[in-house]
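The residues making up each chain are set out below.
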Amino acid sequence: EADIYQTPRYLVIGTGKKITLECSQTMGHDKMYWYQQDPGMELHLIHYSYGVNSTEKGDLSSESTVSRIRTEHFPLTLESARPSHTSQYLCASSASAGQYFGPGTRLLVL
Amino acid sequence: LAKTTQPISMDSYEGQEVNITCSHNNIATNDYITWYQQFPSQGPRFIIQGYKTKVTNEVASLFIPADRKSSTLSLPRVSLSDTAVYYCLVGDLSNYGGSQGNLIFGKGTKLSVKP
């Protein structure tokens, strides 16, 4: 199994709070990704990175931001959480073949 | 961008072989075909990947005809635990730009295995 970790697994937070979702991988993969998925719906790519200091927005517009200061770490930040941000956030990494996904973070914004 | 089309859902019974076909009529020369499996509340899991002909691993087989305009994921002797959503992705593995097909999951095929 691939080693990719996400914390927290579950987060309930009030509107207006700043939150950071953590994602780390120990495989040395250059490419990392963030997807957003609502229950029973499609995954949508919101951010990706080719390597350190490289970040790009995905096909779904998101108010979140990401950073890639270290190869193994790709955190996602919401400066001011809103109920519309309630969703599951999935982090993934890849080398050349398929992507390896973390367990996800379920976010509920009240 | 090679668009993929899969059935929305399929039903099967335990012990049967299940074949899920994905259409990708405008697949490009450098595109690979990748299949993922996703259980509820979990991230997708890589199953198998191929370019042409047949690929087999311990989990599944992937059949790709010569024209590569479709592919079929074959799951031998399914069990209840194979109930999941299966995604077919097509894209150039050497190019991971945000609009690349190998990053676009679509709606997938919801497979339900009954006892």
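For the structure, check the block above.
Residues numbered from 1 in each chain as written. Chains lettered and ligands numbered in written order. Predicted model: local features only at pLDDT ≥ 70, side-chain atom pairs only at ≥ 80, totals over all residues. Heavy atoms only, no water.

Visitor: Looking at this model, I keep getting lost on the sheet that holds strand β3 (residues 31-38) of chain B. Mind explaining?
Guide: Through backbone hydrogen bonds, the strands of a sheet pair up, either in parallel or in antiparallel fashion. All names here are of chain B. Judged by pairing direction, the sheet is mixed, and its five strands sit side by side in the order β1-β9-β8-β3-β4 without closing on themselves. Sheet topology places β1 (9-13) and β4 (45-50) at the edges, where each strand pairs with a single neighbour. Going from strand to strand, the sheet's axes swing by 25 degrees on average, the running direction of each strand aside. Relative to strand β9 (residues 109-114), strand β8 (residues 84-92) runs antiparallel, the two being bridged by three bridges. Residue pairing in the sheet places Val-85 in a bridge with Lys-110 of β9. (Pairing = 2+ DSSP bridges. Helix = DSSP H or I, 4+ residues; strand = E, 2+ residues; numbered from the N terminus. Axes fitted to C-alpha atoms, helices over the stretch in contact; angles between N-to-C directions.)

Visitor: Can you walk me through the side chain of A:Gln25 in this structure?
Guide: Residue and element names in this part refer to chain A. Take Gln-25: it is sitting in strand β3 (residues 19-25). A polar atom in the side chain of Gln-25 sits 3.1 Å from the backbone nitrogen of Gly-28. Of note is the side chain of Gln-25, whose polar atom sits 3.3 Å from the backbone oxygen of Thr-71. Not counting residues within four places of it along the chain, the set of residues in contact with Gln-25 comprises Asp-3, Ile-4, Met-32, Arg-68, Thr-71, Glu-72 and Ser-93. (Polar contact = N/O pair within 3.5 Å; in protein donor to acceptor, adjacent residues only side chain to side chain. Contact = heavy atoms within 4.5 Å.)

Visitor: Mind showing me how you'd approach the state of the cysteines here?
Guide: Linking two cysteines covalently via their sulfur atoms produces the bond known as a disulfide. Residue and element names in this part refer to chain A. Under the definition given, this model contains two disulfides over all chains. In this model, Cys-23 is linked to Cys-91 through a disulfide, with the two sulfur atoms separated by 1.8 Å. In this structure the cystine formed by Cys-23 and Cys-91 twists about its S-S bond by roughly -75 degrees; its chirality is therefore left-handed. With Cys-23 in strand β3 and Cys-91 in strand β9 (residues 87-94), this pair connects stretches of sequence that are 68 residues apart. Neither residue differs from the other here; Cys-23 and Cys-91 are each classed as buried. (Disulfide = S-S within 2.5 Å. Buried < 20%, exposed > 50% of the residue type's maximum accessible area, 1.4 Å probe, protein only.)

Visitor: Where do I start with the interface of chain B and chain A in this structure?
Guide: Many structure descriptions define interface size as the accessible area lost when the parts assemble. Contact with chain B, which involves 20 residues of that partner, is made by 22 residues of chain A. Note on chain B versus chain A: buried area summed over both sides is about 1,600 Å², and carbon and sulfur give 52% of it. Summed over the shared surface of chain B and chain A, the number is one salt bridge. A salt bridge links B:Lys107 to A:Glu42, with the shortest nitrogen-to-oxygen separation between them at 2.8 Å. Taken together, the links from chain B to chain A amount to four residue pairs in polar contact (both at pLDDT 80 or more). Residue classes in the side of chain B that touches chain A are distributed as nine nonpolar, 10 polar and one charged. (Buried area = accessible area lost by both parts, 1.4 Å probe. Salt bridge = Lys/Arg side-chain N within 4 Å of Asp/Glu carboxyl O. Nonpolar A, V, L, I, M, F, W, Y, C, P; charged D, E, K, R; others polar.)

Visitor: Explanation requested: the packing of aromatic side chains in the structure shown.
Guide: Aromatic ring pairs: the centre-centre distance and the angle between the two ring planes describe each pair. According to the stated counting rule, one finds nine aromatic pairs over all chains in the structure shown. Residues B:Tyr87 and B:Phe105 carry aromatic rings whose centres are separated by 5.4 Å and whose planes lie at 85 degrees to one another, so their mutual orientation is edge-to-face. Note that B:Tyr87 is positioned in strand β8 and B:Phe105 in the loop between β8 and β9, a separation of 18 residues in sequence. In terms of burial, B:Tyr87 and B:Phe105 fall into one category: buried. The rings of A:Tyr35, A:Phe101, B:Tyr36, B:Phe46, B:Tyr87 and B:Phe105 are connected pair by pair, giving a single aromatic cluster. (Phe/Tyr/Trp six-rings, centres within 6.5 Å; stacked < 30°, edge-to-face > 60°.)

Visitor: It is not clear to me how the pattern of salt bridges should be interpreted in this structure. Could you clarify?
Guide: All names here are of chain A. Using the criterion set out here, one finds five salt bridges over all chains in the structure. Linking Arg-82 and Glu-63 is a salt bridge whose minimum nitrogen-to-oxygen distance equals 2.7 Å. Pair noted here: Arg-82 is in the loop between β8 (76-78) and β9 and Glu-63 is in the loop between β6 (54-57) and β7 (65-66), with a separation of 19 residues, a long-range link. You can call Arg-82 partly exposed: its relative accessible area is 37%.

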